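# Chains, contacts and geometry: an overview
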Amino acid sequence: MRIALQAGLLLAAALAAGVAANTAGPRRIPWTGGIEARLEAEARASGIAVMSVAEAKAALDAGTHLLLDARAPAEHAARRIPWAMSLPWRTVTSSIEAIAPMLDPARPLLVYCRGAACDEGLLLARHLRARGHGNVSLIGGGMEAWRAAGLPVESDAPAGGPAP
Amino acid sequence: MRMPARPVALAARLALGAVFVVAAAPKIADPGAFAWAVARYDLAWVPAGAVAVFLPWLELFAGLAILAVPALRRGGLAWAALLLGGFAVAGAAALLGGLSIPCGCFSLATDAAPLGWGHVAATLAGAVAAAGLARAAPGAVQA
């Protein structure tokens, strides 16, 4: 059998199995998109509010919230929302000790990640709630939405040039 | 292309097939988590939901064909080469874009070790091996 025909048969089998599993299976997911909406729905179901970038900016300007960056340290260093502290989700159990004294349970926390499809902010927010922080919010759309709104960013780059 | 020594080719083929079957299993079991793993690559042109629905089955069938279905083996190897090549490109794009994300290759855990250039190199090597095996397999049209 020609290789293209073999590959076509395998593709057809995969398409059929995928359609069957996602139509009749127990763990169906949206075919396209839906990732961002799912993240926000999961956040709200976990008792975590989702703020727009405008709401987040207002809260930060008012100084009411402590801002936490759930991304990796390299991403935080390259470009971040001003005043954000790095608390990477993937190393949260070790990183959180460094900033634990600043995590006043009475102070609202605001968490963000890379973009609307990044779930590490949600995971960090859930972790913080489990540690006893009752007021944790997410910035919807994360860093991408913040930049798209034209809001300022900062970086560890040497002074003299704006953050990219 | 010079045909690889038979034991080496057999070992490489079995390893490739096993890798695809093992990689497919957690993705089929939890397509929602796999959709997140795809979305983390920030590839705007890739519909994470559809990829999460179909790709694991293609991996599974390609792996099974490579391992146990001689009539479809070359097709499975061709898919292995294409998929691994695509994964290498996606991984390189993520790293060049400054992302620090889990690979999503075998484990869907969010705290898995981050993707690195070692992943990309190994994936690329797998793609080259799969392409070589597809060309060298019995029934292949010799160039």
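Here the structure is shown first, and the text comes after it.
Here we come to the interface of chain B and chain A. Contacts between the two partners involve 39 residues from chain B and, on the opposite side, 33 residues from chain A. Roughly 3,000 Å² is buried in total at the junction of chain B and chain A, and carbon and sulfur atoms are behind 68% of that figure. If you look at where chain B meets chain A, you find two salt bridges. Our count for the contact surface shared by chain B and chain A stands at six residue pairs in polar contact (both at pLDDT 80 or more). Breaking the side of chain B that touches chain A down by element, the ones donating at least two residues are α2 (31-39), α3 (48-68) and α4 (73-96) of chain B. Take the side of chain B that touches chain A: its biggest share by element is 11 residues, from α3 of chain B.

Summarising the element assignment, E144 of chain A is placed in helix α7 (residues 142-148). Relative accessible area serves as the criterion here: at 42%, E144 of chain A is assigned to the partly exposed category. Along the primary structure E144 of chain A and R90 of chain A are separated by 54 residues, whereas in three dimensions their C-alpha atoms are 20 Å apart. Those residues in contact with E144 of chain A, other than ones at most four positions away along the chain, are R114, G115 and A116 of chain A together with D42 of chain B.

Our focus in this paragraph is helix α5 (residues 92-99) of chain A. All names here are of chain A. Those residues of α5 lying buried are V92, S95, I96 and I99. One face of α5 carries all of its buried residues, which in axial projection span an arc of 105°. More than 90 degrees from the buried face of α5, the exposed residues found are T93, S94, E97 and A98. Contacts from the buried residues of α5 go to β2 (66-69), β3 (85-86) and α6 (120-130).

Here the focus is the layout of surface pockets. Summary: where empty space remains is shown by rolling a probe the size of a single water molecule over the atoms. Residues and elements named next belong to chain B. Of the voids in this model, the largest pocket is the one considered here, and its volume is about 860 Å³. Looking at the largest pocket, it is lined by 38 residues, and the ones nearest its centre are L55, L83, G86, F87 and A88. Sorting the residues of the lining of the largest pocket by element identifies α1 (6-29), α2, α3, α4 and α5 (117-136) as the ones contributing at least two each. Looking at the lining of the largest pocket element by element, the count peaks at 10 residues for α4. Class assignment of the residues belonging to the lining of the largest pocket gives a composition of 30 nonpolar, six polar and two charged.

All right, on to the state of the cysteines then. Throughout the structure, instances matching the rule amount to two disulfides over all chains. The residue that forms a disulfide with C113 of chain A is C118 of chain A, at a sulfur-sulfur distance of 1.8 Å. Neither residue differs from the other here; C113 of chain A and C118 of chain A are each classed as buried. Here C103 of chain B pairs with C105 of chain B through a disulfide, and the sulfurs are 1.4 Å apart. For C105 of chain B, a relative accessible area of 26% translates into the label partly exposed.

Reading the values: rules and limits
Residues numbered from 1 in each chain as written. Chains lettered and ligands numbered in written order. Predicted model: local features only at pLDDT ≥ 70, side-chain atom pairs only at ≥ 80, totals over all residues. Heavy atoms only, no water. Contact = heavy atoms within 4.5 Å. Buried area = accessible area lost by both parts, 1.4 Å probe. Salt bridge = Lys/Arg side-chain N within 4 Å of Asp/Glu carboxyl O. Polar contact = N/O pair within 3.5 Å; in protein donor to acceptor, adjacent residues only side chain to side chain. Helix = DSSP H or I, 4+ residues; strand = E, 2+ residues; numbered from the N terminus. Buried < 20%, exposed > 50% of the residue type's maximum accessible area, 1.4 Å probe, protein only. Arc of directions from axis to C-beta. 1 Å grid on protein atoms, 1.4 Å probe; cavity = no way out; pocket = protein on both sides within 12 Å on 5 of 7 lines; lining within 4 Å. Points joined across faces, edges and corners; volume = space filled by probe spheres on them. Nonpolar A, V, L, I, M, F, W, Y, C, P; charged D, E, K, R; others polar. Disulfide = S-S within 2.5 Å.

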